[in-house]
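Secondary and tertiary structure notes
The chain contents come next:
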Amino acid sequence: MPVTSATTPLVALTNISKHFGEGDTRVDAQRQVSICVYPGEIVGLVGPSGSGKSTLLNVIACILEPSSGRMLLDDELIYDARWLKRDQRKLRLDKIGFIFQFHNLLPFLNATENVAMVLELAGRTPAEAQRRAVELLEYLGVGNRKNAMPATVSGGEAQRVAIARAMANRPRIILADEPTAALDSQRAGVVMDLMSQVAVEQRAAIVVVSHDEKIFNRFNRIFYLRDGYLERVQENGGST
Amino acid sequence: MTVSAVIIALIIYTMTMDKIREIATLKLIGAPDRTIVGMIVQQAIALGLTGFLLGAALISSFRTYFPRRVVLQLQDGLALAAITLVVCLVASGLGVRLALRVDPAKALGG
Ligand SMILES: Nc1ncnc2c1ncn2[C@@H]1O[C@H](COP(=O)(O)OP(=O)(O)OP(=O)(O)O)[C@@H](O)[C@H]1O
Ligand SMILES: [Mg+2]
């Protein structure tokens with residue numbers, strides 16, 4: 001998929017810095033990081049332990065306040081030296097989907113209910129939510145598990161249910177934290193295929209933090225972080 | 001009564017502790033606090049109701065042995081149910097406080 005500069009990025013960070021502590025205990029977790037992620041793209045955030053991957057993901061998720069910089073999400077200025085949006089949870093509910101290392105489904109709800117819940121939170125009626133939840137589960141190939149409780153499905157199936165939940169409100173941005181770390185390489189491949197499909201079909205921007213080198217070739221671009229710096233960007237041209 | 005309130009509070013607190021990851025996930029995906037508080041209060045009420053029904057069942061099964069001494073009026077029963085409910089709601093405050101403090105970053109790995 002050719003990314004032209006004419007397309008507006010869905011995630012745009014400009015000179016984002018974040019430090020923890022002051023003086024002797026100061027840690028610069030993010031130093032003047034600028035990145036853009038475009039619709040239809042799936043990018044990797046990689047780097048050694050402590051390089052700032054989680055910090056950056058948390059900033060994009062609006063759960064960690066940067067020390068300085070600017071951030072636009074889905075063409076809206078969210079942060080400019082301070083938060084510009086009051087209700088960040090509502091913002092996440094509407095704009096951002098999350099995929100976790102462990103599916104993080106609610107154990108007391110079945111697959112359909114887990115997906116329907118976020119739809120209802122966003123204001124759909126229970127009947128609508130139910131219908132769309134089942135549709136999504138079918139789209140992700142787990143329609144046959146729609147009434148199963150999370151504890152009774154396999155890791156790969158649970159991750160698909162979690163992807164269904166992440167895309168339920170049609171967010172333009174999806175953030176994934178080590179989504180394949182708990183899966184064998186075949187299932188990891190399936191999950192990555194589905195995520196690529198979601199990126200392309202929903203015109204979403206997907207940001208994945210990962211240590212799993214087996215999936216690096218699935219990223220359109222890879223951002224290498226080191227000591228809080230964006231060290232280099234690798235383009236994997238033509239992989240979609 | 002105080003003792004039972006403390007016990008209920010502790011049970012709800014422990015149940016909430018066990019659910020920190022789920023609570024963090026809810027916050028991260030955008031659930032408002034009232035949804036999360038609602039879930040905890042629901043649990044508290046369920047707990048209280050279970051306790052109350054268990055107690056009521058025990059009393060009525062013992063009644064056959066002490067027919068004259070334990071004559072529980074319907075009104076007393078209702079009052080007791082109301083008290084149990086209030087105790088549970090107050091006791092769930094501790095769990096709610098904990099839940100509101102959970103950092104959504106806990107849902108994401110290190
Ligand atoms: N809440 C915090 N308080 C103080 N320092 C922190 C905090 N969070 C992160 N750091 C520091 O910021 C730096 C970047 O941490 P971060 O968690 O972003 O790294 P990471 O790339 O996600 O590492 P890993 O691969 O181990 O998960 C580290 O030096 C870390 O110790
Ligand atoms: Mg990390």
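1. Thoughts on the interface of chain B and chain A
Counting residues at the interface gives 21 residues for chain B, matched by 20 residues for chain A. Across the interface of chain B and chain A, roughly 1,800 Å² is buried in total on both sides, 65% from carbon and sulfur atoms. It is Leu28(B), Ile29(B) and Leu108(B) that lose the most area in chain B upon contact with chain A, and together they represent 34% of the buried surface on that side. Where chain B meets chain A, there are one salt bridge.

2. Some thoughts on the site of ligand 1
All names here are of chain A. Among the 13 residues in the neighbourhood of ligand 1, the closest are listed as Ser49, Gly50, Lys53, Ser54 and Thr55. Within the side chain of Ser49, a nitrogen or oxygen atom sits 2.5 Å from an oxygen atom of ligand 1. In the model, an oxygen atom of ligand 1 is placed 2.5 Å from a nitrogen or oxygen of the Thr55 side chain. Bound to the protein, ligand 1 loses 60% of the 640 Å² it would expose on its own. Those elements that place two or more of their residues in the shell around ligand 1 are strand E2 (27-37) and helix H1 (53-60). Of the residues in the shell around ligand 1, the class split is four nonpolar, eight polar and one charged.

3. Considerations on a nonpolar patch on the surface
Residues Val3(B), Ile7(B) and Ile11(B) make up a contiguous nonpolar surface patch of roughly 260 Å² in combined accessible area. Note that Ile11(B) resides in helix H1 (residues 2-18).

4. Quick word on the sheet that holds E2(A)
Residue and element names in this part refer to chain A. Pairing is antiparallel across the open sheet formed by four strands, whose spatial order is E2-E1-E4-E5. Bordering the open sheet on either side are E2 and strand E5 (76-80), each of which pairs with just one other strand. Ignoring strand direction, the axes of neighbouring strands in this sheet form an average angle of 20 degrees. Relative to E5, strand E4 (residues 68-73) runs antiparallel, the two sharing four bridges. In the sheet register, Leu72 faces E5, and the bridge partner there is Leu77. Packing of H1 onto the sheet brings it into contact with strand E1 (11-20), E2 and E4, and relative to E1 it is tilted by some 125 degrees.

Calculation notes
Residues numbered from 1 in each chain as written. Chains lettered and ligands numbered in written order. Predicted model: local features only at pLDDT ≥ 70, side-chain atom pairs only at ≥ 80, totals over all residues. Heavy atoms only, no water. Contact = heavy atoms within 4.5 Å. Buried area = accessible area lost by both parts, 1.4 Å probe. Salt bridge = Lys/Arg side-chain N within 4 Å of Asp/Glu carboxyl O. Near = heavy atom within 4 Å. Polar contact = N/O pair within 3.5 Å; in protein donor to acceptor, adjacent residues only side chain to side chain. Areas by Shrake-Rupley, 256 points an atom, 1.4 Å probe, with all protein chains shown as cover. Helix = DSSP H or I, 4+ residues; strand = E, 2+ residues; numbered from the N terminus. Nonpolar A, V, L, I, M, F, W, Y, C, P; charged D, E, K, R; others polar. Patch = residues over 30% accessible without salt bridge, like charges linked within 9 Å, V, L, I, M, F, W, Y side chains within 5 Å. Pairing = 2+ DSSP bridges. Axes fitted to C-alpha atoms, helices over the stretch in contact; angles between N-to-C directions.

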